[in-house]
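Descriptive analysis of the structure
Chain by chain, the residues:
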Amino acid sequence: MRVKSFFKGIFNLGKFREETLSDRRLLHDFIRKYEAKSSVDPAYEPREPEDEVHERSFANDFVYIEPTLVPRSVKSLTVRHEPSANITKIGRHGRTKYGDGRTVSGIDVVRGFFISTAPILEVEIYLDSQLIFAGPPQVSALWNERSSRDIKKYAFNAWLDFTNQMRGKRELVIRIKPLDGKVIEGVTWISTTIIVADPIPEKQCRNSDAAIPSLPSAPDLTLDQRINALPTSVHKASSNSIPIAAERILVLRIDQLGDLAVSVPALRRLREIVPNAHITALLGPANADLGRTLALFDDVIVFDIPDDPQQRRRAAGPEMQIELARLLHGRKFDVAINLAIHGEVNNLLHLSGAPVTVGFASGNTDWMTLSLSAATHDAKSGADLMRHSARTRTLVEAFGALLDSGAAPLRRTDLDRNVLNARGIGNNDEFAVLHTGARIQFTRWHGYLELAEKLLTETDLKIVIMSDKPDEAISAFAEKHSDRVVAVAGKIPFDHFDAFLSYCKVFVGNDSGPKHFAALRGTQVVSIHSARIGWEEWGQEISGVVLSRKVPCAGCYLHYEPTECAKDVACIKYIQVDEVLREVKNCLIVT
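This text gives an overview of the structure that appears in the document. (Residues numbered from 1 in each chain as written. Predicted model: local features only at pLDDT ≥ 70, side-chain atom pairs only at ≥ 80, totals over all residues. Heavy atoms only, no water.)

**Things to note about the sheet that holds strand E8 (residues 152-161)**
Heads up, the condition is: Whether two strands pair depends on DSSP finding at least two bridges between them. The numbering of helices and of strands both runs from the N terminus, where a helix is a DSSP run of H or I of at least 4 residues and a strand a run of E of at least 2. Each axis is a line fitted through C-alpha atoms, taken for helices only over the stretch in contact, and angles between the N-to-C directions span 0 to 180 degrees.
The four strands are arranged E1-E4-E8-E7 in an open sheet whose pairing can be described as antiparallel. On the outer flanks of this sheet lie strand E1 (84-90) and strand E7 (138-141), each paired with one strand and no other. With direction set aside, neighbouring strand axes in the sheet form an average angle of 20°. Here E1 runs beside strand E4 (residues 107-116); their pairing, made up of six bridges, is antiparallel. Within E4, the residue paired with Ile-90 across the bridge is Val-110.

Here you go:
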């Protein structure tokens, strides 16, 4: 308790300032007081003088404490909110023939929230003065509001069909009707320019949970109901991150002789990664002759985008860009890779027509498939110290990892299955593990007990139900079926946990660490994945399947603010027990 009180006193002094933290005398005092109060250690003894000398030396050598990691006082975390209108997501950033900016296509999403002291009954969305959405928001308290109990957050999550909307730049207005009649920009309404584009080709985004397929006509159902009626998507676990075969690749190196020369290690590595791909080089006049001698390209295109001394960069007018696009589009590239470090040539990647674009991060690269930041810093000058050849190879290695991460099973040879005997699992018992926990609670699936009931009826497996903490419903279910159900609550010894996951016939779990651990051990895994982050990024790679829902708002990345979902976490709610059961049975056939 004394240690806790000490920390509370230290951390509630207010915001720690960097200059205060770096003060050696204060830091020395901090260490001395903490050590003196560390009565939690039974072996604690009064310090000898030489210890004091060592302590001072440590304090003097300790130059910097990271202030962003130091806990702040509760009061410093609170703010006085003002009424406001906020947009959190509209489609995604796109680069289209209509321009560059917030882009929507097909069925897409407009999300955000209002902060208001007056109740908000309805949010309206207009596209060029045409009403396209009206609905009630989801209201919640502001967790860090300092003083007012009346001010609240009103979240909206509008799923909208832009398929038949006119293409091009449009004005989007989001507004509420204030009870007092006052209309204030940024408070009761907000507007932005968006681009309505053609739907993305299915082959380019078939893995995306945000890509809603064509929906059957159902006049009696709302758009939300039609989307929620779609079957759950089933994705086979894979170490591949992109759904496109890299058969035709364009490499851009429109610069100087030396730039291409130092890129040879990267180009050799690219050949190793995709030995059967047709690789075309887009080179400039300064390095085209070298490119033809390298025996690394199947084809070389020479195109001059000269350095303009007046513009102080390479410059290409509209006519030149159209000419290049015509030259490249007919070749139907799958991938375009720009090896230039500086990003001005990145702006040519979209002219290739390739669905997968790869380059170094420079400026706004949200529209690219892979934009890599690979900055290094000399300890004294701060200048880059990575060899140019190493940097370009890093980009190629990152592209190779998109095609195959290298994930593979890793089983233990020293793990004793007998540790499970005391927990009700015999050496000859076949069993399934249902892991109900997840650190982010609103992503937990609801159907584990119903799934367990059906597995008892339709298989001969024993069922192990794991939970983060004791659960009355799980305990009652296990007691009712004590001959075949084992309930495991809370933390258990690691080897026991490892044995459960390594020796089970199938593992079913949420998007959480245990599913990755089970896959690492080579177990068949059925993971139930919310769309808050892409299953492509966080689905297990090695074995089994990933279940996810298609929703326009996929990729929301909500964590501490689940009320901003405003759709009752539809990406988890509508995954049906029978859909999970079917995949469990399929995995049992595999094993």
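Don't stop here, the text continues.
**Some thoughts on unusual backbone geometry**
A positive phi is found at Ser-129, a non-glycine position, where the angle reads about 75°. Its place among the elements puts Ser-129 in the loop between strand E5 (123-127) and strand E6 (130-135).

**Concerning the packing of helix H13 (residues 448-458) against helix H19 (residues 577-590)**
Between two packed helices, both the angle of their axes relative to each other and the distance between the axes serve to describe the pair. The test is simple: Any angle between 65 and 115 degrees counts as roughly perpendicular, while under 35 counts as roughly parallel, over 145 as roughly antiparallel, and the rest as oblique. Two helices cross in a left-handed way if the nearer one is turned anticlockwise from the farther one by less than a right angle. They cross in a right-handed way if the turn is clockwise. The criterion used for residue contact is that any of the two residues' heavy atoms lie within 4.5 Å. Residue classes follow a fixed rule: Ala, Val, Leu, Ile, Met, Phe, Trp, Tyr, Cys and Pro count as nonpolar, while Asp, Glu, Lys and Arg count as charged, and any other residue, Gly among them, counts as polar.
Where H13 contacts H19, the axes come no closer than 10 Å and their chain directions differ by 45°. With respect to H19, the element H13 is oriented oblique. Handedness of the H13/H19 crossing: right-handed. In this structure, H13 uses Glu-450, Leu-451, Lys-454, Leu-455 and Glu-458 to contact H19, whose residues at the interface are Val-577, Asp-578, Val-580, Leu-581, Val-584 and Lys-585. Across the contact of H13 with H19, the residue classes break down as six nonpolar, no polar and five charged.

**So, the side chain of Thr-376**
Applicable threshold: Categorising residues by exposure relies on relative accessible area from a 1.4 Å probe, with only protein chains included: less than 20% of the type maximum marks a residue as buried, more than 50% marks it as exposed, and the intermediate range marks it as partly exposed. Here a polar contact is recorded for every N or O atom pair within 3.5 Å, except that within protein the pair must consist of a potential hydrogen donor and a potential acceptor, and residues adjacent in sequence are included only if both atoms are side-chain atoms.
Examined against the element boundaries, Thr-376 turns out to sit in the loop between strand E19 (370-372) and helix H12 (388-403). Its relative accessible area of 15% is what places Thr-376 among the buried residues. In this structure the side chain of Thr-376 is engaged in a polar contact, spanning 2.8 Å, whose partner is the side chain of Asp-384. Polar contacts involving the side chain of Thr-376 include one to the main-chain amide nitrogen of Met-386, which spans 3.0 Å. Ignoring any residue separated from it by four or fewer positions in sequence, one finds Thr-376 in contact with Gly-382, Ala-383, Asp-384, Leu-385, Met-386 and Arg-391.

**Here's the deal with the pattern of salt bridges**
Worth spelling out the cut-off: Salt bridges are defined by distance alone: a side-chain nitrogen of Lys or Arg within 4 Å of a carboxyl oxygen of Asp or Glu.
For the coordinates displayed, the defined rule picks out 29 salt bridges. Residues Asp-224 and Lys-567 are paired through a salt bridge, measuring 2.4 Å at the closest nitrogen-oxygen approach. Here Asp-224, found in helix H7 (residues 223-228), pairs with Lys-567, found in the loop between strand E25 (545-548) and helix H18 (570-573); they are 343 residues apart in sequence, far enough to count as distant. Residue classification places Asp-224 among the partly exposed positions, given a relative accessible area of 23%. Between Asp-299 and Arg-331 there is a salt bridge, with the nearest N and O atoms lying 2.5 Å from each other.

**Some thoughts on the packing of aromatic side chains**
Aromatic ring pairs: the centre-centre distance and the angle between the two ring planes describe each pair. Basically, it comes down to this: Only centres within 6.5 Å qualify two rings of Phe, Tyr or Trp (six-membered ring in Trp) as a pair; their planes then separate them into stacked at under 30 degrees, edge-to-face at over 60, and tilted for everything else. Here, over-ring charges are defined by two tests on the NZ atom of lysine or the CZ atom of arginine: distance to the ring centre within 6 Å, and angle to the ring normal within 35 degrees.
Counted by the stated rule, this structure contains five aromatic pairs. When the centroid spacing of 5.9 Å and the interplanar angle of 45° are considered together, the rings of Phe-114 and Phe-156 count as tilted. A residue pair is termed long-range when its members are at least 10 positions apart, and Phe-114 in strand E4 and Phe-156 in strand E8 qualify at 42 residues. Both rings, one in Phe-494 and one in Phe-517, keep their centres 5.5 Å apart while their planes meet at 20°; by these two values the pair is stacked. Of this pair, Phe-494 sits in helix H15 (residues 494-503) while Phe-517 sits in helix H16 (residues 513-520), and the two are 23 residues apart along the sequence. On the basis of relative accessible area, Phe-494 is assigned to the partly exposed category, the value being 49%. Phe-517 gets classed as buried once you look at its relative accessible area, which sits at 15%. Feature note: the residues Phe-494, Phe-497 and Phe-517 constitute an aromatic cluster, connected by ring pairs. If you follow Lys-153 out to its NZ or CZ, it ends over the ring of Phe-113, 4.7 Å from the centre. Here the basic side chain of Lys-567 rests over the ring of Trp-159, its NZ or CZ set 4.7 Å away from the ring centre.

**Structural notes on the side chain of Lys-567**
By relative accessible area, which is 16% here, Lys-567 ends up buried. A distance of 3.1 Å separates a polar atom in the side chain of Lys-567 from the backbone oxygen of Asn-157. When near neighbours in sequence (up to four residues on either side) are disregarded, Lys-567 contacts Gln-138, Asn-157, Trp-159 and Asp-224.

**Thoughts on the sheet that holds strand E21 (residues 462-467)**
On the basis of which strands lie adjacent, the open sheet formed by seven strands has the order E11-E25-E24-E23-E20-E21-E22 and mixed pairing. One side of each edge strand has no neighbouring strand; the edge strands of this open sheet are strand E11 (233-236) and strand E22 (485-489). The mean angle between the axes of side-by-side strands here comes to 15°, regardless of whether they run parallel or antiparallel. Pairing of strand E24 (residues 524-528) with E25 involves three bridges; the strand directions are parallel. The residue bridging Val-526 from the neighbouring strand is Val-545, located in E25. Lying over the sheet, H15 contacts strand E20 (431-435), E21, E22 and strand E23 (506-510), oriented at roughly 120° with respect to E20.

**Overview of the pairing of strand E10 (residues 189-197)**
Alignment of strand E3 (residues 99-105) against E10, held across three bridges, turns out to be parallel. Following the sheet pairing, Ser-105 is matched in E10 by Ala-197. As judged from the eight bridges shared by strand E9 (residues 168-176) and E10, these two strands associate in the antiparallel manner. Its bridge partner lying in E10, Gly-168 is registered against Val-196.

**Brief notes about the nonpolar core**
Quick note on the threshold: The term nonpolar core refers to a set of buried residues drawn from Ala, Val, Leu, Ile, Met, Phe, Trp, Tyr and Cys, joined through side-chain atoms within 4.5 Å.
Formed by 46 residues in total, the largest nonpolar core has its most connected members in Trp-445, Leu-451, Ile-463, Val-508, Val-526 and Val-580. With six residues, the top contributor of residues to this core is H19. Once residues within four sequence positions are removed from consideration, Val-508 is found in contact with Val-433, Leu-434, His-435, Tyr-448, Leu-451, Val-526, Ile-528, Val-580 and Val-584.

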